[in-house]
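# Reading the structure
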Amino acid sequence: MAQSNSVLALWSKLAGVPGGKWLFSRLICFKAPYFSSVRPTFVALRSGYCEVTIPKRRAVTNHLGTVHAIAMCNMAELAAGIMSEASVPASHRWIPKGMSVDYLKKAGTSLRAIAEVTPLPEFGAAFELPVTVNVMDRSDVVVCRAVVRMWVSPKKEASRRTD
């Protein structure tokens, strides 16, 4: 897929330079500040795929000393959203519609989330796109699995907009 959006173009520009992935991650969190609470770092991004990590630190732990369930939800929604942004053509838009989450194991380490959709669907009329996100610990054990349901629809033509 051709680079049809600014997020994928920015990733392509920054990912290969020293500090570029860190800068990309900070820019995403500047645009959507809530995600900064988990201090994400993007590892990989392409159409249909996003990988992001978060460090285990006191601010994201629960009373058991493991990464809190909502921190895992936060990183799952972030990975799914940025994957969607990198995958949905410029003619369409997306928004999270819902999310189901299964907590499978205690998350006792820093985490890595992978959002993936393969194959990508045809983009025409509006539809719901389920994005599966696996959250893994340092041993690659899946500790959480989320399915973020994205509503994907064609953008309205500029001439039809009323402001």
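Residues numbered from 1 in each chain as written. Predicted model: local features only at pLDDT ≥ 70, side-chain atom pairs only at ≥ 80, totals over all residues. Heavy atoms only, no water.

## Let's talk about the layout of surface pockets
This is how the line gets drawn: Grid points spaced at 1 Å over the protein atoms alone were grouped into cavities, where a 1.4 Å probe fits but cannot get out, and pockets, open sets with protein on both sides within 12 Å along at least five of seven lines, with lining residues defined by an atom within 4 Å of a point. Grid points are joined across faces, edges and corners, and a volume is the space filled by probe spheres set on the points. Helix and strand labels come from DSSP, where a helix needs a run of H or I of at least four residues and a strand needs a run of E of at least two; each type is numbered from the N terminus. Residues are grouped as follows: nonpolar covers Ala, Val, Leu, Ile, Met, Phe, Trp, Tyr, Cys and Pro; charged covers Asp, Glu, Lys and Arg; every other residue, Gly included, is treated as polar.
If you add up the space inside the largest pocket, you get close to 280 Å³. If you list the elements that add at least two residues to the lining of the largest pocket, you get α2 (20-31), α3 (69-87) and β3 (92-103). Sorting elements by how many residues they give to the lining of the largest pocket places α3 first, with five residues. Its residues placed into classes, the lining of the largest pocket shows eight nonpolar, one polar and three charged.

## Considerations on the pairing of strand β1 (residues 41-46)
For clarity, the cut-off: Any two strands with at least two DSSP-identified bridges between them are counted as paired.
Pairing of β1 with strand β2 (residues 49-54), which is carried by five bridges, proceeds in the antiparallel orientation. Opposite Arg-46, over in β2, you have Tyr-49 as the bridge partner. Hairpin geometry of β1 and β2 is characterised by an intervening segment of two residues between the two adjacent antiparallel strands and by a positive phi of about 85° at Gly-48.

## Quick word on the nonpolar core
Keep this limit in mind: Nonpolar cores are built from buried Ala, Val, Leu, Ile, Met, Phe, Trp, Tyr and Cys residues. Side-chain atoms within 4.5 Å join them into one set. Accessibility here uses a 1.4 Å probe with only protein chains present; expressed as a share of the type maximum, an area under 20% marks a residue as buried, one over 50% as exposed, and anything in between as partly exposed. The criterion used for residue contact is that any of the two residues' heavy atoms lie within 4.5 Å.
Among the nonpolar cores identified, the biggest contains 43 residues, and Phe-42, Leu-45, Leu-111, Val-131, Val-133 and Val-135 are the most heavily contacted of them. Contributions of two or more residues to this core are made by α1 (6-14), α2, β1, β2, α3, β4 (111-116), β5 (127-136) and β6 (142-154). Looking at this core, the element that brings in the most residues is α3, giving 10 residues. Residues within four places of Phe-42 in sequence aside, it is in contact with Trp-11, Lys-21, Phe-24, Ser-25, Ile-28, Cys-50, Glu-51, Val-52, Leu-78 and Ile-82.

## A short note on the environment of Leu-45
Relative to the helices and strands, Leu-45 resides in strand β1. Residue Leu-45 is classed as buried on the basis of its relative accessible area of 7%. Between the alpha carbons of Leu-45 and Ala-15 there is a distance of 9.0 Å; along the sequence they are 30 residues apart. When residues no more than four places from it in sequence are discounted, the contact partners of Leu-45 are Val-7, Leu-8, Trp-11, Phe-24, Cys-50, Ile-82, Met-83 and Ala-86.

## As for the side chain of Glu-51
Positionally, Glu-51 belongs in strand β2. Given the relative accessible area of 11%, Glu-51 is considered buried. Look past the residues within four positions of Glu-51 in its chain and what remains in contact with it is Thr-41, Phe-42, Val-43, Ala-44, Arg-112, Ala-113 and Ile-114.

## Some words on the environment of Val-117
Structurally, Val-117 can be placed in the loop between β4 and β5. Residue Val-117 is classed as buried on the basis of its relative accessible area, which comes to 9%. In contact with Val-117, other than residues within four places in its own chain, are Gly-48, Met-83, Leu-129, Pro-130 and Val-131.

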